[in-house]
Amino acid sequence: MFPDYYEFQHNTKIVSGRYSLENLAAELRQLGVKKPLLLSDEGLVAAGIVRQVTDAVENNGMKWAAVYTDIPRDSSLDVVNKIAVFYHEKGCDALVAVGGGSVIDTAKGAKMVLSLNVKDIRQLAGCECICRGRRIPFAAIPTTSGTGSESTLVAVIRDELRRQKLEYISYELQPDLAVLDPRTTITLPPLITAATGIDALCHAVEAFTCMQKNPVSDAYAAAAMNLIRENLIKAVRNGSDDKARLAMANASMLAGAAFSNSMVGLVHAIGHALGSVCMVPHGHAMTILLPYVMMYQYPKLNPLYAEMLVYLAGPDVYAATPEEKRGKEAIRTIMIMKRRLHRICYLPEKLREVGVTRADFDRIAQLAVDDGSMIVNPVSADKQDVLKILEKAY
């Protein structure tokens with residue numbers, strides 16, 4: 001059904017391809033940058049990815065004002081504030097984030113603090129309250145293919161004192177530039193490749209079915225599902241497959257742009273709760289939950305699931321499947337993909353495999369129904385419904 005009204009925004013310029021890192025200096029110059037600050041983490045320093053980026057820029061005639069690599073696994077409010085101070089001390093004029101969702105979200109937080117000239121990011125807490133301030137050029141170079149943070153309007157940053165994650169949402173958080181180079185994901189081990197790939201798939205599926213879906217987000221989500229179907233298993237089996245790596249990087253970016261505009265739903269609501277209560281890695285939570293949430297929502301979303309089958313399984317399977325069975329076949333296709341990934345790299349299939357106990361269910365269910373992702377979910381779900389989903393996924 002065509003919506004009576006919708007909004008879609010994706011301002012990020014995409015530079016994609018092998019050796020696209022070599023264009024970073026030129027792209028930064030076009031943004032008026034002279035003294036960029038590189039943000040990353042020590043793991044990527046050890047893996048040689050940071051050196052790859054710094055060399056690419058320096059070999060093309062631009063110098064870094066500074067490099068900051070003390071970013072934790074979970075983005076932190078205090079680290080964001082430290083980076084803003086460091087940015088001023090070093091006389092920087094742009095941010096370049098090299099990493100996964102935590103690094104890119106940290107950069108988004110620093111951009112907020114710097115552009116709005118506040119001393120503490122806590123002053124900006126609240127949904128969709130971030131207005132346009134001073135221009136801070138911002139480039140993102142993702143090193144995983146899952147979060148889509150390089151094209152989203154969302155930053156999730158941990159408050160260590162309160163032990164909770166705060167969500168910041170604003171179109172001003174989308175990077176000016178995203179560089180997708182397969183060399184930045186080539187060192188990802190099979191398990192992380194699989195988990196982040198399913199995270200991207202979940203973004204696409206929920207973007208295609210949530211209440212704010214629209215023709216443009218559908219196009220992005222459909223393209224992402226196609227790429228994941230064709231390339232995720234290849235990337236997991238052979239991490240050196242440049243074509244599969246690049247395809248997955250693009251799938252993650254497309255899915256990120258899609259859900260930034262149509263939002264996510266029940267899978268993410270429960271997944272966020274699993275992360276908070278049991279510290280389940282996000283990609284693992286998405287992998288475990290996706291087909292079970294789809295089963296719960298099937299009675300209402302069967303037509304959309306049937307439509308997705310062509311993207312999830314390909315045109316031959318779609319054509320060979322009777323119309324009335326296509327929705328369930330879409331769910332079965334995802335279950336088959338899960339099993340294949342489990343056999344290849346032991347990607348978890350059930351909650352009990354990641355340390356969740358039934359004693360955790362009540363707290364998880366309560367947090368899930370209170371999660372903001374529930375707002376645009378197309379099917380209502382109360383605490384008892386979530387408990388039933390958790391039991392099936394156990």
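Residues numbered from 1 in each chain as written. Predicted model: local features only at pLDDT ≥ 70, side-chain atom pairs only at ≥ 80, totals over all residues. Heavy atoms only, no water.

Draft legend 1. Structural context of the packing of helix α6 (residues 190–209) against helix α9 (residues 266–278). Contact geometry of α6 with α9 gives a least axis separation of 9 Å together with a crossing angle of 140°. Overall, the two elements α6 and α9 adopt an arrangement that is oblique. Along the contact surface, α6 presents Asp-199, Cys-202, His-203 and Glu-206, while α9 presents Leu-266, Val-267 and His-268. Each residue belonging to the contact of α6 with α9 can be placed in one class, and the counts come to three nonpolar, two polar and two charged. (Axes fitted to C-alpha atoms, helices over the stretch in contact; angles between N-to-C directions. Helix = DSSP H or I, 4+ residues; strand = E, 2+ residues; numbered from the N terminus. Parallel < 35°, antiparallel > 145°, perpendicular 65-115°, else oblique. Contact = heavy atoms within 4.5 Å. Nonpolar A, V, L, I, M, F, W, Y, C, P; charged D, E, K, R; others polar.)

Draft legend 2. Main features of the nonpolar core. Ranked by size, the top nonpolar core spans 76 residues in total, and within it Leu-201 and Ile-270 carry the most contacts. Going through the elements one at a time, α6, α7 (215–237), α8 (242–262), α9, α10 (282–313), α12 (326–345), α13 (361–369) and α14 (383–393) are the ones with two or more residues in this core. With 15 residues, α10 is the single largest residue contributor to this core. Not counting residues within four places of it along the chain, the set of residues in contact with Ile-270 comprises Leu-289, Val-293, Ile-364, Ala-368, Val-386, Ile-389 and Leu-390. Among the nonpolar cores identified, the runner-up in size contains 33 residues, and Leu-39, Ile-71, Leu-124 and Ile-136 belong to it. (Core = buried A, V, L, I, M, F, W, Y, C linked by side-chain atoms within 4.5 Å. Buried < 20%, exposed > 50% of the residue type's maximum accessible area, 1.4 Å probe, protein only.)

Draft legend 3. Inspection of a positive patch on the surface at higher detail. A cluster of basic residues, Arg-237, Arg-339, Arg-340 and Arg-343, forms a positive patch on the protein surface. Of the residues forming the positive patch, the biggest block, three residues, is contributed by α12. As for its placement among the helices and strands, Arg-339 is situated in helix α12. Judged by relative accessible area, which is 39%, Arg-339 ranks as partly exposed. (Patch = residues over 30% accessible without salt bridge, like charges linked within 9 Å, V, L, I, M, F, W, Y side chains within 5 Å. Areas by Shrake-Rupley, 256 points an atom, 1.4 Å probe, with all protein chains shown as cover. Salt bridge = Lys/Arg side-chain N within 4 Å of Asp/Glu carboxyl O. Lys, Arg positive; Asp, Glu negative; His and termini not counted. Charge placed at Lys NZ, Arg CZ, Asp CG, Glu CD.)

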